[in-house]
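Chain by chain, the residues run as shown.
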Amino acid sequence: MCRVTGHEDIRGRIDTTRPHTARIWNYWLGGKDNYPVDREAGDRIRSIHPGIGEYARADRLFLGRAVHQLAAHAGIRQFLDIGTGLPSADNTHEVAQRISPDARIVYVDNDPLVLTHARALLTSTPEGRTDYLDADLADADAILERAARTLDLSEPVALMLLGVVIFIEDHEASYEVVRRLMAELPAGSHLVLSHTITSPSMPDVDAAVAFWNEHGTPRLTQRTPRQVERYFDGLELLDPGVVSCSRWLPPCGFDADTGPGSGVDADGLPDEVAMFGGVAGKP
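Please read these numbers as outputs of a predicted model, since none were measured by experiment.

Draft legend 1. Highlighting the nonpolar core. Core analysis: the biggest nonpolar cluster contains 86 residues, and Phe79, Leu80 and Leu161 have the highest contact counts within it. When residues in this core are grouped by element, the largest group, eleven residues, is from helix 3 (residues 52–73). With residues near it in sequence (within four places) discarded, Leu161 still touches Ile82, Leu137, Val178, Leu191, Val192, Leu193 and Ser194.

Following this line, the structure appears as structure tokens:
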């Protein structure tokens, strides 16, 4: 069963005159749900930092590995995926329901183009359930209230925040929204989070982000690896900790290059990309 809830008429909300991060990400992943303005900006960013498209692939690889790990080895049957982005190959529900057909997934995003595709593409197994909420990460209380119509918040949930807290500029506000969401989830729940980093060893990343913030929407904030680690304070990090998404390999085995359900060929990915991620459990 699949539902799309909590939205109004989306006509007029899609701006095709300015590049948008979800559509550029889709372009870098080889998708077709983007516009000329997105492809132009994506090519310009890639000219500043040629490896930028690999971040999208590495982040997608991380999603597949993390969901597989939690569904197959941690017994997680519920996923709250905030900042879904445009559907691609092997979305959260597809990876989870291959392992556990009764898995329940709630997607959350505030991009109107994502909403149009959610209606068409977010399906479910008969035993499981998917729902889509048109909502903003900053409104944690509303997300939790509406997600509870599909998820049992008294049972463990995987909170998926891939490449989304980067859009909260204030550091403390970004930590607080993650704490707020995790505080309402029971012991045994997990946080899966990825974030663009800034590092002296990758100056062209900073230049690419500066270009994006001048020309694109929404603006994003980079953080250091140590600042990304802070999102997991009070939780128990799974090995290998907070690392480049291209190097996140779970301790319970499957093919280290791709892994079942990743939807991404890892061949050619560099050892280190400026997208770091981690998975942690709530004790």
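Moving on from the model shown.
Draft legend 2. Summary view of the pattern of salt bridges. This model, assessed by the stated rule, comprises nine salt bridges. With its nearest N and O atoms 3.3 Å apart, the salt bridge here joins Glu172 to Arg230. With Glu172 in helix 7 (residues 171–183) and Arg230 in the loop between helix 9 (225–229) and strand 7 (236–237), this residue pair connects regions lying 58 residues apart in the sequence. The class for Glu172 is partly exposed, based on a relative accessible area of 42%. Among the ionic pairs, Glu176 bridges to Arg179, the shortest N-O distance being 3.1 Å. Separated by three residues within a single helix, Glu176 and Arg179 lie in helix 7, roughly one turn from each other. Salt bridges linked by common partners bring Asp141, Arg180 and Glu184 together as one network.

Draft legend 3. The packing of helix 1 (residues 21–28) against helix 2 (residues 36–48), seen in detail. Two elements in contact, helix 1 and helix 2, have axes separated by 9 Å at closest approach and are oriented at 70 degrees. What the angle tells us is that helix 1 and helix 2 run roughly perpendicular. Helix 1 and helix 2 meet at a crossing whose hand is right-handed. For the pair formed by helix 1 and helix 2, the contact residues are Arg23, Ile24, Tyr27 and Trp28 on the first element and Val37, Asp38, Arg39, Ala41, Gly42, Asp43, Ile45 and Arg46 on the second. Of the residues contributing to the contact of helix 1 with helix 2, the split by class is six nonpolar, one polar and five charged.

Draft legend 4. Focus on the pairing of strand 4 (residues 129–134). Buried residues dominate strand 4, accounting for six of its six residues. Side chains Arg129, Asp131 and Leu133 project from strand 4 onto one buried face, and the interleaved Thr130, Tyr132 and Asp134 project onto a second face that is buried too. Judged from the six bridges that link them, strand 3 (residues 104–109) and strand 4 form a sheet pairing that is parallel. The residue of strand 4 that forms the bridge with Tyr107 is Tyr132.

Draft legend 5. Main features of the environment of Ala41. Positionally, Ala41 belongs in helix 2. Setting aside chain neighbours within four positions, we find Ala41 in contact with Pro19, Ile24 and Phe211.

Draft legend 6. Structural view of the packing of aromatic side chains. Within the structure shown, the criterion is met by two aromatic pairs. Centre to centre, the rings of Tyr175 and Tyr231 are 4.5 Å apart; their planes meet at 50 degrees, and the pair counts as tilted. Taken together, the residues span a long stretch of sequence, with Tyr175 in helix 7 and Tyr231 in the loop between helix 9 and strand 7 at a distance of 56 residues. Comparing Tyr175 with Tyr231 shows no difference in burial state: the two are buried.

Parameters and conventions
- Residues numbered from 1 in each chain as written.
- Predicted model: local features only at pLDDT ≥ 70, side-chain atom pairs only at ≥ 80, totals over all residues.
- Heavy atoms only, no water.
- Core = buried A, V, L, I, M, F, W, Y, C linked by side-chain atoms within 4.5 Å.
- Buried < 20%, exposed > 50% of the residue type's maximum accessible area, 1.4 Å probe, protein only.
- Helix = DSSP H or I, 4+ residues; strand = E, 2+ residues; numbered from the N terminus.
- Contact = heavy atoms within 4.5 Å.
- Salt bridge = Lys/Arg side-chain N within 4 Å of Asp/Glu carboxyl O.
- Axes fitted to C-alpha atoms, helices over the stretch in contact; angles between N-to-C directions.
- Parallel < 35°, antiparallel > 145°, perpendicular 65-115°, else oblique.
- Left-handed = near helix turned anticlockwise from the far one by under 90°.
- Nonpolar A, V, L, I, M, F, W, Y, C, P; charged D, E, K, R; others polar.
- Pairing = 2+ DSSP bridges.
- Phe/Tyr/Trp six-rings, centres within 6.5 Å; stacked < 30°, edge-to-face > 60°.

Just geometry here; none of it tells us what the structure is for.
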